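Listed here are the chains, written in short residue letters.
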Amino acid sequence: MSAVYDCSRRESRTDGLSAAAGAVRSSRLVVLPTDTVYGIGADAFDSGAVQALLRAKNRGPDLPVGVLVGSWSTVDGLVLGVPPQARALIEAFWPGDLSIVLPHAPSLQWDLGQSRGTVMLRMPLHPVALELLRDVGPMAVSSANISGRPPATTAEEAQEQLGDSVAVYLDGGSSGAPVPSTMVDLTSGDPVILREGAVSREAVAEVLGVPAESLV
């Protein structure tokens, strides 16, 4: 049976964060609010939990799961290196609506799907998400919906789709319009925008010091 916690109330938020951290540490799934849409999350280093996440979404490993972090410094331990372009984007947009794809550290023992040696990282601008991430560490997180259906913008919408496959739902209120994060791929020589979302192409180009039209 899933538990739902209203994070607008201090006591319920405290209890919910504690329950969510316990769930993550015991290989179960949680739904958490972010600054884009609600996410379904698991311990990024628990391959069984990540597989459960994919099953809950009815999604295959061909679409790898991204990773949310609770601080800038966490990134250094997850990737092969943080190039100057990535550092500039992190300083400009984190926490916020920008996801960065980088080669992950080869020593990491995780299975996020068919990621081909890369990982998509983001630090969300949401106090509930950040508090949980700073407690449990990096989490594999995808939008809290069944694949092919609209992303959840409330905990209730997430629960309607995911039901008891999720142990804990953290209700942070409505996330507003379902605008995804912008995804920037820095795994090759030139930056590539894989998806334009909340952060505009022009804003990314300005930080990187390149023409917007070059970000194909």
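Residues numbered from 1 in each chain as written. Predicted model: local features only at pLDDT ≥ 70, side-chain atom pairs only at ≥ 80, totals over all residues. Heavy atoms only, no water.

Asker: Tell me about the overall build of the protein chain, and please be specific about residues and values.
Answerer: Assigned secondary structure in the protein chain consists of six helices and ten strands. Its C-alpha atoms give the protein chain a radius of gyration of 16 Å, near enough to 17 Å, the size a compact globule of 216 residues would have. In terms of overall dimensions, the protein chain has a C-alpha envelope of 50 × 35 × 30 Å along the principal axes. Considering the protein chain as a whole, with its 216 residues, one finds that 50% of them fall into the buried category. For the protein chain, the share of sequence-separated contacts (at least 6 apart) that also reach a separation of at least 24 residues comes to 63%. Split by element, the accessible area of the protein chain, about 9600 Å² in all, is 50% carbon and sulfur. (Helix = DSSP H or I, 4+ residues; strand = E, 2+ residues; numbered from the N terminus. Rg over C-alpha atoms; globule rule 2.2 N^0.38 Å. Buried < 20%, exposed > 50% of the residue type's maximum accessible area, 1.4 Å probe, protein only. Contact = heavy atoms within 4.5 Å. Areas by Shrake-Rupley, 256 points an atom, 1.4 Å probe, with all protein chains shown as cover.)

Asker: Describe the sheet that holds strand 5 (residues 98-103), naming the residues involved and giving the relevant values.
Answerer: Here we have ten strands laid out as an open sheet, ordered 1-8-2-3-7-4-6-5-9-10, and mixed in their pairing. Looking at which strands have only one partner, the edges of the open sheet turn out to be strand 1 (3-6) and strand 10 (192-195). On average, each strand axis in the sheet is tilted by 30° relative to the strand beside it, whichever way the strands run. Both strand 5 and strand 9 (residues 182-185) contribute to a ladder of four bridges, which runs parallel. Across the sheet, L98 pairs through a bridge with T182, a residue of strand 9. (Pairing = 2+ DSSP bridges. Axes fitted to C-alpha atoms, helices over the stretch in contact; angles between N-to-C directions.)

Asker: How would you sum up helix 4 (residues 127-136)? Please name residues and give values.
Answerer: Along helix 4, the residues that are buried comprise V128, A129, L130, L132, L133 and V136. Of the surrounding elements, those touching the buried residues of helix 4 are helix 1 (10-25), strand 2 (30-32), strand 4 (66-68), strand 7 (139-143) and strand 8 (168-171).

Asker: Please give an account of unusual backbone geometry that cites residues and values.
Answerer: Looking along the chain, the bond that leaves W94 and enters P95 is cis, with omega of -5°. Note that P95 resides in the loop between helix 3 (84-93) and strand 5. Positive phi values are uncommon outside glycine, yet S27 reaches one of about 70°. In this fold, S27 is placed in the loop between helix 1 and strand 2. The class for S27 is partly exposed, based on a relative accessible area of 37%. Despite not being glycine, R116 has its phi angle at roughly 55°, a positive value. Locating R116 in the fold gives a position in the loop between strand 5 and strand 6 (118-122). Take R116: its relative accessible area is 81%, and that puts it in the exposed class.

Asker: Go over the packing of aromatic side chains with me, naming the residues and quoting the values.
Answerer: Tallying each qualifying case throughout the model produces one aromatic pair. Between the aromatic rings of F45 and W110, the centroid separation amounts to 5.4 Å while the plane-to-plane angle is 15°, which identifies the pairing as stacked. Here F45 is found in the loop between strand 3 (39-43) and helix 2 (47-57), whereas its partner W110 is found in the loop between strand 5 and strand 6, with 65 residues between them in sequence. Owing to a relative accessible area of 35%, F45 belongs among the partly exposed residues under this scheme. By relative accessible area, which is 13% here, W110 ends up buried. (Phe/Tyr/Trp six-rings, centres within 6.5 Å; stacked < 30°, edge-to-face > 60°.)

Asker: Describe the pattern of salt bridges, listing the residues and the values that go with them.
Answerer: Overall, the coordinates contain six salt bridges when judged by the stated rule. The shortest N-O distance in the salt bridge between R25 and D135 comes to 2.6 Å. Of this pair, R25 sits in helix 1 while D135 sits in helix 4, placing them 110 residues apart in sequence. By relative accessible area, which is 54% here, R25 ends up exposed. (Salt bridge = Lys/Arg side-chain N within 4 Å of Asp/Glu carboxyl O.)

Asker: How would you explain helix 6 (residues 201-208) if you had to name every residue and give the values?
Answerer: An α-helical segment advances 3.6 residues per turn. Residues three or four places apart therefore align on the same side. Buried residues of helix 6: V204, A205 and L208, and no others. The buried residues of helix 6 all sit within an arc of 100° when viewed along its axis, so they share a single face. Close packing links the buried residues of helix 6 with helix 3, strand 5, strand 9 and strand 10. Phi for G209, located one or two positions after helix 6, is positive at around 70°. (Arc of directions from axis to C-beta.)

Asker: Requested: an account of the side chain of T118, with residues and values cited.
Answerer: Position of T118 relative to the elements: it lies in strand 6. Polar contacts involving the side chain of T118 include one to the main-chain carbonyl oxygen of S115, which spans 2.7 Å. Sequence-distant contacts of T118, that is, excluding residues within four places in its chain, are made with V101, L102, P103, H104 and T187. (Polar contact = N/O pair within 3.5 Å; in protein donor to acceptor, adjacent residues only side chain to side chain.)

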